[in-house]
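# Survey of secondary and tertiary structure
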Amino acid sequence: APKKRCGIDILYGVELNIKDFKGTVDLPDDILATLDYAIISMHTKNIKPGDIEQNTFAYVYAMMHPKVKIIGHADDNKFPIDYEAVMVAAKHFGVIFEINNCSLAPDGYRGNTRDNIRKILEMSKKYDNPIVLSSDSHGKKNVGNFEYALEMIKETNFPDYLILNYSTEDFKHFISK
């Protein structure tokens, strides 16, 4: 549950790296136990990209950890996945996908992610599983900037009720489950 500091709710989270196709993450459980939530992601510095089946299994196994609540930038072309299989597992485990603004930026380094993000949004609608928007700013310049993510939301007629961080209370409730 969020901690109160000077009248402000503070959530403690981390972006975990998936280290292998068994879904092993890079922080031990004793540290994860102190956090409110975790985001799982794949990065080439931590795992060599596998085929669709290997990458899909890695995400599914990693989301079984009780602190994992969000799948980060699963739009990366270097890590192809079966979006429907991962969405079904995410719905089962109470995990949601992030729509990453950085991935959609014209100068994004993950390649053309638009088709993958469309698949995520399509599966999210099909399975009625919310998403979260993320600026993934990596610095103060773009904190809270959802420009490209919001364009994609409009372009795909994605429903507002499935965007979890449109409501602070909805997001906090989701994290506390």
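Above this text sits the structure in question.
Below: a short report on this structure. None of these values were measured; they are calculated from a predicted model.

For helix H3 (residues 83-93), the full list of buried residues reads Tyr83, Val86, Met87, Ala89 and Ala90. Buried residues of H3 fall within an arc of 165 degrees about the axis and therefore sit on the same side. The elements touched by buried residues of H3 are helix H2 (52-62), strand S5 (68-71), strand S6 (96-100) and helix H5 (114-127). A side-chain oxygen of the first residue of H3 lies 3.2 Å from the backbone nitrogen of Glu84; this N-cap is Asp82. Count one or two residues on from H3 and you reach Gly94, which has phi positive near 75 degrees.

A few words on the pattern of salt bridges. Tallying each qualifying case throughout the model produces seven salt bridges. Across the salt bridge formed by Arg114 and Glu155, the nearest N and O atoms sit 2.7 Å from each other. Residue Arg114 is located in helix H5, and its partner Glu155 is located in helix H6 (residues 147-155); the two are separated by 41 residues in the primary sequence. The partly exposed category is assigned to Arg114, whose relative accessible area is 24%. The exposure class of Glu155 is partly exposed, given its relative accessible area of 42%. Arg118 serves as the salt-bridge partner of Glu155, at 2.6 Å between the closest nitrogen and oxygen. Of this pair, Glu155 sits in helix H6 while Arg118 sits in helix H5, and the two are 37 residues apart along the sequence. Salt bridges sharing partners connect three or more residues here, namely Arg114, Asp115, Arg118 and Glu155.

As a further point, take the sheet that holds S5. Think of a sheet as strands paired side by side through backbone hydrogen bonds, with each pair either parallel or antiparallel. Taken in spatial order, the five strands of this open sheet run S3-S4-S5-S6-S7, and their pairing is parallel. Edge strands, defined here as strands with exactly one partner in the open sheet, are strand S3 (13-17) and strand S7 (131-134). Here the strands of the sheet are splayed against their neighbours by 35 degrees on average, with no regard to which way each runs. Relative to S5, strand S4 (residues 37-41) runs parallel, the two sharing three bridges. When the bridges of S5 are listed, Ala38 appears paired with Val68. Its contacts with the sheet put helix H7 (residues 168-176) on S4, S5, S6 and S7, and the angle it makes with S5 is roughly 125 degrees.

Conventions we followed
- In this numbering scheme, every chain counts its residues from 1 along its sequence in written order.
- Side-chain atom pairs in this predicted model are given and counted only at pLDDT of 80 or more, local residue features only at pLDDT of at least 70, and totals for whole chains, interfaces and linings cover all residues.
- As a convention, hydrogens and water are excluded, and side-chain values are obtained from all of the structure's heavy atoms.
- With a 1.4 Å probe rolled over the protein chains alone, any residue whose accessible area is under 20% of its type maximum counts as buried; one over 50% counts as exposed, and the rest are partly exposed.
- Helix numbers and strand numbers start at the N terminus; a helix is a DSSP run of H or I with at least 4 residues, a strand a run of E with at least 2.
- Each direction from the helix axis to a C-beta atom contributes to the arc, which is the arc of those directions.
- In what follows, a contact means two residues having at least one pair of non-hydrogen atoms within 4.5 Å.
- By the criterion applied in these results, polar contacts are pairs of N or O atoms within 3.5 Å in which, for protein atoms, one can donate a hydrogen and the other can accept it, and in which residues neighboring in sequence qualify only through two side-chain atoms.
- We define a salt bridge as a contact between a side-chain nitrogen of Lys or Arg and a carboxyl oxygen of Asp or Glu at a distance within 4 Å.
- A pair of strands is labelled paired if DSSP reports no fewer than 2 bridges between them.
- Lines are fitted to the C-alpha atoms to define the axes, a helix being fitted only along its stretch in contact, and any angle between axes, read from their N-to-C directions, falls within 0 to 180 degrees.

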